[in-house]
Amino acid sequence: MLSINARVALAPEDTYRQLVSEVTQPRWWQALARPALVLLALAVVVPIMAAGAVTASLVLTSAVAWSAVLLIQIAAALVTIGSAASRRVGLTRALDLWFAGHLPYTAWILLLPLITASHTIWPLDAIAVTFIVPTVWTTFIATAYCRTVLGTTAGGARSRVAAHQVVTLTVTAALTLWAAGGIDAVASYLLRTLERS
Amino acid sequence: MPRLLRTLGAASLVAGVAIGTLNDALPQRTAIRSGEYWVLAGDFHVHAFPGDGTLTPFALRDEARRAGLDVIAVTNHNQFVAPRLIPWLPADSGAPMLIPGEEVTHAAYHLIAVGIDRRIAPADSVPEVAAEVHRLGGVAIAAHPGHMFSGYDDRALAAVDGTEVARAEPKEKYRREFFEAFERARRLNPHVAAIGSSDFHSSAPLGDARTYLFVREPSAKGVLDAIRAGRTVGADDRGQLFGDPSLVERVRANMPAARTDPHPWRRQLSVVLAWCGAAAMIL
């Protein structure tokens with residue numbers, strides 16, 4: 001009854017084991033179907049949050065603008081996948097299965113209009129705090145992925161996932177710092193947020 | 001079952017986007033005259049993508065039109081990437097003006113620079129930055145000048161062209177502080193401009209607080225001249241007006257049209273259909 005994405009999110013180890021046993025080798029465009037759904041979520045949610053409306057123009061411009069986020073995620077996934085010598089499926093299948101584990105982040109993106117709707121919590125604060133949930137959840141999914149799809153040991157999976165999380169969170173933090181005006185600006189913002197609360 | 005759900009989701013998404021697009025007739029602005037001036041509505045504190053805003057300048061221009069704004073300034077923190085996209089926007093004679101700017105961000109102050117053509121680095125004091133803004137032909141506006149920004153002493157307030165007095169601030173305490181800063185600035189410079197800004201980042205609505213300007217010509221130059229001369233009225237989200245009492249009266253007598261939303265239920269239906277459709281396709 002549940003979709004593959006939902007099954008991976010709820011029982012990653014078992015679901016990935018089953019998916020790896022299926023003989024299939026998607027083409028490149030098929031492997032990009034799941035990443036495209038992530039972009040779709042961003043392209044729909046950004047106009048809802050920012051304009052309270054969904055139009056073709058808003059969806060298209062948001063998709064183009066925010067595709068950079070997806071490209072960073074694909075690049076990080078390819079590095080993680082490509083560096084595993086014991087991989088049990090082809091590259092395109094591995095990429096497809098990696099994004100099958102994206103549901104926690106995608107669900108979080110879909111919920112952003114609700115998360116940022118509060119009049120008492122600043123939207124950016126709400127986004128930053130709730131970001132913890134998909135990050136932690138994804139750690140478990142990615143560990144199961146490394147063990148069953150990439151064929152690493154339990155320790156290897158943990159270190160690979162840790163490296164992946166460090167890299168993606170560092171990139172996220174660097175982009176956030178750049179957008180917020182630098183370290184001084186962020187530090188003073190945090191101090192003001194503490195005082196406001 | 002998942003395939004059926006996905007198909008229904010795709011249909012719902014397409015229907016939602018189609019309804020939203022058909023419902024999105026961008027309003028035409030009617031120019032308003034008040035004596036020798038045009039009355040324009042502006043929002044001079046708007047964040048854009050790429051940066052810490054979610055909408056690109058292109059999408060912001062349409063959103064400004066929906067919001068009933070004639071002019072906005074794109075002002076990201078300590079960077080000038082998004083404003084560089086403004087000259088690349090397709091020409092549209094009925095569209096609001098977009099003016100390049102920056103929110104010069106320092107631990108002790110935030111200062112809005114409007115009408116500049118390059119990034120300004122945050123210096124130690126507001127007067128230094130304001131002087132640089134003026135050298136580049138722009139205007140300097142004190143952003144949310146409350147007690148948490150120690151940089152807004154009398155010297156700083158005397159150096160700026162305007163202060164944000166009207167914002168959609170949830171806490172009364174901060175609203176009072178913005179008003180007190182404006183009053184202090186006005187004692188130091190009677191022509192300081194009353195500014196209303198939304199500080200739009202990611203959540204609707206753009207222009208919930210705004211600035212009414214009395215301009216001699218409806219152009220970026222006319223807008224900057226009006227701010228320099230203090231021919232502005234700040235309006236907050238509750239409709240409270242701030243500024244020179246004679247200008248406030250003129251705005252009351254001849255208020256430009258605000259945000260238009262002729263069919264809110266169609267817009268809401270399109271949002272629900274699109275969101276449910278995307279959720280069904282993904283989950």
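Residues numbered from 1 in each chain as written. Chains lettered and ligands numbered in written order. Predicted model: local features only at pLDDT ≥ 70, side-chain atom pairs only at ≥ 80, totals over all residues. Heavy atoms only, no water.

S.K.: What's the story with the overall build of chain B in this structure? I'm lost.
M.R.: Helices and strands together make up the secondary structure of chain B, namely eight helices and eleven strands. Taken over C-alpha atoms, the radius of gyration comes to 20 Å for chain B, in line with the 19 Å a tight globule of 283 residues would show. Each of the three principal axes of chain B carries a C-alpha extent, and together these read 70 × 40 × 40 Å. In chain B, which comprises 283 residues, the proportion classed as buried is 58%. Restricting to contacts in chain B with at least 6 residues of sequence separation, those with at least 24 account for 68%. Of the charged side chains in chain B, 31 are positive and 32 negative; the average position of the first set lies 4 Å away from that of the second. (Helix = DSSP H or I, 4+ residues; strand = E, 2+ residues; numbered from the N terminus. Rg over C-alpha atoms; globule rule 2.2 N^0.38 Å. Buried < 20%, exposed > 50% of the residue type's maximum accessible area, 1.4 Å probe, protein only. Contact = heavy atoms within 4.5 Å. Lys, Arg positive; Asp, Glu negative; His and termini not counted. Charge placed at Lys NZ, Arg CZ, Asp CG, Glu CD.)

S.K.: I tried to follow helix 7 (residues 103-115) of chain A on my own but got confused; where do I start?
M.R.: Since the α-helix advances by 3.6 residues per turn, residues separated by three or four positions end up pointing in the same direction. Between its first and last C-alpha atoms helix 7 of chain A spans 17 Å; for 13 residues at 1.5 Å apiece the expected length is 18 Å, and the two agree. Most pronounced at Ile109(A), the bend in helix 7 of chain A amounts to some 30 degrees, and the proline Pro113(A) follows within four residues. Where helix 7 of chain A is buried, its residues meet helix 1 (4-10), helix 4 (33-51), helix 6 (91-100), helix 8 (123-130) and helix 9 (132-148) of chain A together with helix 8 (264-282) of chain B. (Expected span 1.5 Å × (residues − 1). Bend = angle between axes of the 7 residues up to and from the residue.)

S.K.: Quick question: what am I supposed to make of the pairing of strand 5 (residues 109-114) of chain B here?
M.R.: In regular strands, side chains alternate between the two faces of the sheet. Residue and element names in this part refer to chain B. Among the six residues that make up strand 5, six are buried, leaving the element largely enclosed by the rest of the structure. A two-sided burial pattern is seen for strand 5, the buried positions comprising Tyr109, Leu111 and Ala113 on one face and His110, Ile112 and Val114 on the other. Here strand 4 (residues 97-106) runs beside strand 5; their pairing, made up of six bridges, is antiparallel. By the bridge assignment, glycine 101 is partnered in strand 5 with valine 114. Adjacent in sequence and paired antiparallel, strand 4 and strand 5 are bridged by two residues. Pairing analysis gives four bridges linking strand 5 to strand 6 (residues 139-142), with the strands arranged antiparallel. Bridged to isoleucine 112 within strand 6 is isoleucine 141. (Pairing = 2+ DSSP bridges.)

S.K.: I keep staring at empty space enclosed by the protein and nothing clicks. Help me out?
M.R.: In this approach a probe as big as a water molecule rolls over the atoms, and the regions it shows empty are the leftover space. Counting across every chain of the model gives one cavity of 30 Å³ or more. Approximately 60 Å³ is the volume attributed to the largest cavity. Lining the largest cavity, in full, are Asn5(A), Arg34(A), Leu37(A), Val38(A), Phe99(A), His102(A), Leu103(A), Thr106(A) and Ile282(B). Of all the secondary structure elements, the ones that give two or more residues to the lining of the largest cavity are helix 4 and helix 7 of chain A. Considering every element that reaches the lining of the largest cavity, the biggest residue donor is helix 4 of chain A, with three residues. Considering only residue class, the lining of the largest cavity consists of five nonpolar, three polar and one charged. (1 Å grid on protein atoms, 1.4 Å probe; cavity = no way out; pocket = protein on both sides within 12 Å on 5 of 7 lines; lining within 4 Å. Points joined across faces, edges and corners; volume = space filled by probe spheres on them. Nonpolar A, V, L, I, M, F, W, Y, C, P; charged D, E, K, R; others polar.)

S.K.: Sorry if this is basic, but what is going on with the nonpolar core here?
M.R.: Of all hydrophobic cores here, the largest spans 89 residues; its most connected members are Tyr16(A) and Tyr145(A). When residues in this core are grouped by element, the largest group, 14 residues, is from helix 4 of chain A. Each of domain 1 (1-23 + 264-283) and domain 2 (32-261) of chain B accounts for three or more of the residues forming this core. In this structure Tyr16(A) touches Val8(A), Leu97(A), Trp98(A), Ala100(A), Gly101(A), Ile141(A), Ala144(A), Tyr145(A), Thr148(A) and Val149(A), once residues within four positions along its chain are discounted. Residues Ile116(B), Ala123(B), Val126(B) and Ala156(B) belong to the second largest nonpolar core, which totals 29 residues. (Core = buried A, V, L, I, M, F, W, Y, C linked by side-chain atoms within 4.5 Å. Domains from an automatic or database assignment.)

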